Amino acid sequence: MNEDPIIKERSSGTAIATTRPWLGLFAVLVLIYFGSSWMRPLGTPDEPRYTEIPREMISSGDWLAPRLNGVLYFYKPPLFYWLEAFSYKVGGLNRLVLRFWPAFFALASCGICYWAGKRLFNRESGWWAALVLGTALIHFSLSQMIILDMAVSFFMSAALLCYLVAIRQPRGPDRRWCFWSFYALIALAVMTKGLMAIALPGAIIFLWFLLLNQWKQLRHLYLFSGGLIFLLIALPWHVLVAREHSEWFDFYIIHEHFERYLSNVSHRGQPFWFFFVILPVGMIPWIFFLPAALKETLKGGWKRRKENQEAWFLVIWSVFILLFFSISKSKLVPYILPALPPLAILIGTYLASLKNAGESGLKSLKRGARSTSLFLFIGAAAIPTAAYLLNQTGDLNAGSPLLFAFSSLACLIAGGWLWRSSTQNEGKIAERIAIAMMVVLFIFNPLAARFQPPALEPILRQLKTSAQADDQIFSFKEYFHEMPLYLDQLVGVVDHIPTEQSFGLEWEDLSDRYMKLQYLRRRWRELDRRIYIVMKTGGDEEKFTSRIREPFYEWKRDDFVVIYTNIPLKKESETIDP
């Protein structure tokens, strides 16, 4: 029987009307994700590093082997560098353009949560899953930084969700395309951050097979065609780079994938409980709903696990990521990102169910609103307090007091509005929690800029304008990641071997740029070319001035660094004889 066109039209109109508020919220969210990232200077060392490597790929034409300041840098595969190189070609040193990909992958993660929530549960669960993830504190904050972790989190999460959706489908095109997408996404994750992108999803799926006795699923995984797709994407770069650089295997496979996990060789050790704190704080404000969400979505507990296979898969996923990186000897905050999408779907499904939960659902929403209000009140008090303390120690980047006052007031007003909502018997409380959280996201970038170390960008741009093509530029006692990026050239480093470049320096002779001060002196006195040397003011400056034993001239200084040169500049320099 054909569907009545009037009923179909009404149904379609209702769906559109229901969708409009969600689209409005996400339009604001997209504006926040992309609209404020330019306000904050690049944060050292990660952001200049992951921008400089793509710049060097463009400059050298070598797209195979990543290099940092001309030194082989085999810590990670090149996919993210290639994407950043595209951004650099399009917009140059434009912060908004350079930060496009992390924000894009963060919003894409919200999109895949919507898709999976809709396919696994219902449309409203999908909307809520996307909104929960998009307004989670750690998800947004890391989306505003040029790092690889948001990209690899998206690829792995999208792969696992494609797998989970695929196994629910009958054999046919939908199932096949979901599985093929799973293999392709795993390959892209490998090309972003290495072999851990195979190990983590593989372990999660294996545990789900084991704990829920899903071994029969092994029969229809499209292993041959899927494996071929994976190899076509992930294998070529690995083969080519291994052929060109024999030292690659030792560092990339042994050091990066085993030594870093099993030992503190990278000096990134944290206590076991580190991520047990980071994850709840990072999931604010939605972490307050997680206990109730687990209780609701895992009804019947372990005995009824076969009836709640999807929910148990999401739980296994998030718990495994949490434990895996808690055991690791190397811990950084972004490592926890892949644990967020499954939690967002669980919480989103719960929030969608509260629509018909009556008085008990309203109580749960009110508790969440009050908890979020307390978080906002604490933030309102913490912002000016932190600003005052850092200003006293001189660690605060100078900024207008009005910014701190405005940020504190915004948190106070949002918290008060949310608290008032929690005292009234009305709907839309969850939506208001999301809107209140958007206030925090809106002030994140301008506020975070004031808590970053002073940026070298202004003084380095001046140096780039002043320096000639054959001038040499060095840093002393430290490698400043911003230097090659803003100077648009490779720089030398004196009396310092950066830890992250030590492996690459063992493979190639770069003693013409990485040298001791005694060797720099020979060039310094020849006066046939200008040499600039950049160093921190204070202790490093005193070490240089006491050891150079040749005339030197102050070119420029600010509160953070001083730049000396070997040849006087008219009306710009101050001559200093040792």
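Just so it is clear, the structure is predicted and the values come from calculations on it, not from any experiment.

Conventions used here
Residues numbered from 1 in each chain as written. Predicted model: local features only at pLDDT ≥ 70, side-chain atom pairs only at ≥ 80, totals over all residues. Heavy atoms only, no water. Helix = DSSP H or I, 4+ residues; strand = E, 2+ residues; numbered from the N terminus. Rg over C-alpha atoms; globule rule 2.2 N^0.38 Å. Buried < 20%, exposed > 50% of the residue type's maximum accessible area, 1.4 Å probe, protein only. Contact = heavy atoms within 4.5 Å. Areas by Shrake-Rupley, 256 points an atom, 1.4 Å probe, with all protein chains shown as cover. Pairing = 2+ DSSP bridges. Axes fitted to C-alpha atoms, helices over the stretch in contact; angles between N-to-C directions. Parallel < 35°, antiparallel > 145°, perpendicular 65-115°, else oblique. Left-handed = near helix turned anticlockwise from the far one by under 90°. Core = buried A, V, L, I, M, F, W, Y, C linked by side-chain atoms within 4.5 Å. Phe/Tyr/Trp six-rings, centres within 6.5 Å; stacked < 30°, edge-to-face > 60°. Lys NZ or Arg CZ within 6 Å of the ring centre and 35° of its normal. Patch = residues over 30% accessible without salt bridge, like charges linked within 9 Å, V, L, I, M, F, W, Y side chains within 5 Å. Salt bridge = Lys/Arg side-chain N within 4 Å of Asp/Glu carboxyl O.

> Help me out: how do you make sense of the overall build of the protein in this one?
Scanning the protein from N- to C-terminus turns up 24 helices and nine strands. For a compact globule of 578 residues, the expected C-alpha radius of gyration is about 25 Å, and the protein comes in at 27 Å, within 12% of that figure. Within the protein, the proportion of its 578 residues that are buried is 53%. Taking the contacts inside the protein whose residues are at least 6 apart along the sequence as the reference set, 74% of them involve residues at least 24 apart. Per element, the accessible surface of the protein, about 26200 Å² overall, is 61% carbon and sulfur.

> I'm lost on the pairing of strand S6 (residues 531-536) in this one. Help?
Walk down a regular strand and you will see the side chains alternate between the two sheet faces. Within S6, five of the six residues are buried, leaving the element largely enclosed by the surrounding structure. Both strand S3 (residues 472-476) and S6 contribute to a ladder of four bridges, which runs parallel. Residue pairing for S6: Ser475 is matched across the bridge by Val534. Where S6 lies against strand S8 (residues 561-565), five bridges are found, and the strand directions are antiparallel. Counted as the bridge partner of Val534 is Ile563 from S8.

> Would you mind going over the packing of helix H5 (residues 100-120) against helix H6 (residues 123-134) with me for this structure?
A pair of packed helices is captured by two measures, namely the crossing angle of their axes and the spacing between those axes. One way to put it is that H5 packs onto H6 with a least axis distance of 7 Å and a crossing angle of 155°. One finds that H5 runs roughly antiparallel with respect to H6. The element H5 and its partner H6 pack so that their crossing is right-handed. Between H5, through Ser109, Cys110, Cys113, Tyr114, Gly117 and Lys118, and H6, the contact on the second element is made entirely by Arg123, Ser125, Gly126, Trp127, Ala129, Ala130, Leu133 and Gly134.

> Help me understand the nonpolar core in this model?
As a rule of thumb, nonpolar side chains are buried together in soluble globular proteins. The biggest cluster of nonpolar side chains holds 168 residues, and the ones touching the most others in it are Tyr163, Met283, Trp286, Ile336 and Leu351. If we skip the residues at most four places from it in the chain, Met283 touches Val132, Ala136, Leu340, Leu343 and Ile347. Core analysis: the next-biggest nonpolar cluster, separate from the first, contains 15 residues, Phe474, Phe476, Trp524 and Val562 among them.

> What am I meant to see in the packing of aromatic side chains here?
The full count for this structure, using the stated rule, is 43 aromatic pairs. Judged by centre distance (5.0 Å) and plane angle (80°), the rings of Phe100 and Trp101 are edge-to-face. By relative accessible area, which is 31% here, Phe100 ends up partly exposed. The exposure class of Trp101 is buried, given its relative accessible area of 14%. The structure contains a cluster of three or more aromatic residues connected by ring pairs, namely Tyr163, Phe179, Phe182, Tyr183, Trp208, Phe209, Tyr222, Phe313 and Trp317. One cation-aromatic arrangement involves Arg49 over Tyr50; the distance from NZ or CZ to the ring centre is 5.3 Å.

> Honestly, a nonpolar patch on the surface in this entry has me stumped. Any pointers?
A contiguous nonpolar surface patch, about 740 Å² in accessible area, is contributed by Phe272, Trp273, Phe276, Val277, Val281, Val319, Leu323 and Ile327. Mapped by element, the contributors of at least two residues to the nonpolar patch are helix H13 (274-282) and helix H15 (309-327). Assignment of secondary structure puts Phe276 in helix H13. Its relative accessible area of 36% is what places Phe276 among the partly exposed residues.

Read these as geometric descriptors, not functional statements.
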